[in-house]
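Structural overview
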Amino acid sequence: VMISQYRHALGQTRYELVAGCCEAGETAEESARRELLEETGIDCPPEELIFLGTLREPSAFMDCYLCRLTETGEDTPITLQEWETVDSKWVTFCELETMIHKGLIPPPCAMRYGFVKAKLTEIIGEDAWLQADAEEVSALENTPKEASHE
């Protein structure tokens, strides 16, 4: 699931992955579950939270998780976080990569996606990235590319 939040630095609303910071005394797993619940209303059981790895950047590090849902995509109800989350959208891996290519995902999130993709490929295999239907691809190909905001 992608969420849309207003980003002051960009002066616009953009789709991105659920993210956030740990609060005092909170483990990374607790933080991941809390942020997912706050931003989407999805309550991920601890046994369904899969640690993908730690992404290290010069000014930060991020523990990345995957929540395995028993319901699929649009069957999972989303509750948007008031005053922060503007919209949500279920996307396939192909749709997400097309959104990145078209500049519809903020650069920091787009750059971190490579790490997440590599870890997910280890779990689900390369074939999962190739499964998009023709309607998805056509709709995304006709979406205008955003100007760069770097």
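A brief look at the structure comes next. (Residues numbered from 1 in each chain as written. Predicted model: local features only at pLDDT ≥ 70, side-chain atom pairs only at ≥ 80, totals over all residues. Heavy atoms only, no water.)

1. Some words on the sheet that holds strand β1 (residues 2-7)
- Across the sheet, three strands lie side by side as β2-β1-β5; this open sheet has antiparallel pairing. Unpaired on one side and paired on the other, β2 (12-16) and β5 (85-89) mark the two borders of the sheet. Averaged over all pairs of adjacent strands, the angle between their axes in this sheet comes to 30°, without regard to strand direction.
- Here four bridges tie β1 to β5, and the two strands are oriented antiparallel to one another. Paired with S4 across the bridge in β5 is D87. (Pairing = 2+ DSSP bridges. Helix = DSSP H or I, 4+ residues; strand = E, 2+ residues; numbered from the N terminus. Axes fitted to C-alpha atoms, helices over the stretch in contact; angles between N-to-C directions.)

2. Notes on the pairing of β2
- Note: β1 against β2, five bridges, orientation antiparallel. Its bridge partner lying in β2, S4 is registered against Y15.
- Here β1 hands over to β2 after four residues, with G11 in that stretch at a positive phi of 70°.

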